[in-house]
Amino acid sequence: MSNTQPAPVASEHVELKARKVSFDWEETPLHWVPGDPFTTHTINVLHLLLPAGERWFVHVYRQALPYITDDRLRADVIGFIGQEAIHSQAHDDVLPHLREQGLDPTPYTAQVDWFFEKLLGDRTLPPGRPRRWWLMERVAMIAAIEHYTAFLGNWVLNADELDRVGADPTMLDLLRWHGAEEVEHRSVAFELFMHLDGGYRRRARTWALAFSALVFLWQRGVRFFMENDPTLLDGKASLGQFVRKGRQGVLPSTPDMLRSIPRYLSRAYHPSQEGDTAQAAAYLASSPGANGGR
């Protein structure tokens, strides 16, 4: 175990709370980025991955709670659990709307459920070191995944091109509310990992596993959507499309995503180096969905 905790770049600690949110999908079109099914469906994969993934976060963190000896971190983890549970439900609520528009995600979500519930789920291990080892592996993997959810949260808060091309305001509000909370709680997963273990080899190894899994599941999700979109005769998805849309600003840019890798793998890394807490708080204060749909 490492006893070296990378320090935050600034004191930005906020009390985490689960916000009651409400989104009305009645007026949201299938291609909520007008004339751009590829961008729409690339971002839509979030609705397929996040419900199962964030339920898994909550499950793992409830198992980790008894090992936490720092009171403030315990409170942060409890706040994180509350926020992730709401995120899971909010994205799950989009799926009936997709079905109504002729795009049933069930074949893909069944694969995602298997991935988190079976492959990364609880295992029959003897108590003691083997059981703790599997818990620490999953805690470390969540820290790596949360690096990317914070990256995406920061991106969508600043993705002005989505507004300029006329993206559906309700979908943008869902994404930006969620993204703002990811920025708000971006340090919790990493600090929990450092508190419970902190080993650099584990951090690097589980980053490689998490990154590979995210890339694999995301590209499968985009291809599933494009191939099953009832409005497309021959829907295709490619890396070249992703790179071009990143250059246009409607998706994260590939160079920015690649630059995020050495940041996480740096021994000096701390998540407070990513994103802007004040910007996230300002959006949360103004979000229609997070403030009674005003």
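All values reported here derive from a predicted model rather than from experimental measurement.

Participant: Pulling in residues and values, what's your account of empty space enclosed by the protein?
Facilitator: Per the stated rule, a full pass over the model turns up two cavities of 30 Å³ or more. Of the volumes computed, that of the largest cavity is approximately 50 Å³. Forming the walls of the largest cavity are F115, F116, L120, M141, I145, A210, A213, L214 and L217. No other element matches helix α9 (residues 200-228), which puts four residues into the lining of the largest cavity.

Participant: Summarise the pattern of salt bridges; cite the residues concerned and give the values.
Facilitator: As enumerated under the stated definition, the model contains 15 salt bridges in all. Salt-bridge contacts for D36 lead to K245; the nearest nitrogen and oxygen are separated by 3.1 Å. Of the two residues, D36 sits in the segment before α1 (37-64) while K245 sits in helix α10 (residues 239-248), which places them 209 residues apart along the sequence. Pair check on accessibility: D36 and K245 agree, each one buried. The partner of E274 in a salt bridge is R263, and the shortest N-O contact between them spans 2.7 Å. Here E274 is found in the loop between α11 (254-265) and α12 (277-286), whereas its partner R263 is found in helix α11, with 11 residues between them in sequence. A cluster of three or more residues bridged by salt bridges with shared partners is formed by E137, D197, R202 and R205.

Participant: Can you lay out the packing of aromatic side chains for me, pointing to particular residues and giving the numbers?
Facilitator: For the structure shown, the criterion picks out 14 aromatic pairs. Ring geometry for F23 versus W25: centroids 5.9 Å apart, planes at 25°, classification stacked. Each ring, one from Y61 and one from F80, has its centre 5.1 Å from the other, and the planes form 35°; the classification is tilted. Linking Y61 in helix α1 with F80 in helix α2 (residues 71-92), this pair joins segments that are 19 residues apart in sequence. Take Y61 and F80: they sit in the same class, and that class is buried. Taken together, the ring pairs in this structure connect W56, F57, F115 and F116 into an aromatic cluster. Across from the ring centre of W134, 3.7 Å away, lies the NZ or CZ of R123, which sits over that ring. Over the ring of Y264 we find R203, and its NZ or CZ is 5.7 Å from the ring centre.

Definitions and cut-offs
Residues numbered from 1 in each chain as written. Predicted model: local features only at pLDDT ≥ 70, side-chain atom pairs only at ≥ 80, totals over all residues. Heavy atoms only, no water. 1 Å grid on protein atoms, 1.4 Å probe; cavity = no way out; pocket = protein on both sides within 12 Å on 5 of 7 lines; lining within 4 Å. Points joined across faces, edges and corners; volume = space filled by probe spheres on them. Helix = DSSP H or I, 4+ residues; strand = E, 2+ residues; numbered from the N terminus. Salt bridge = Lys/Arg side-chain N within 4 Å of Asp/Glu carboxyl O. Buried < 20%, exposed > 50% of the residue type's maximum accessible area, 1.4 Å probe, protein only. Phe/Tyr/Trp six-rings, centres within 6.5 Å; stacked < 30°, edge-to-face > 60°. Lys NZ or Arg CZ within 6 Å of the ring centre and 35° of its normal.

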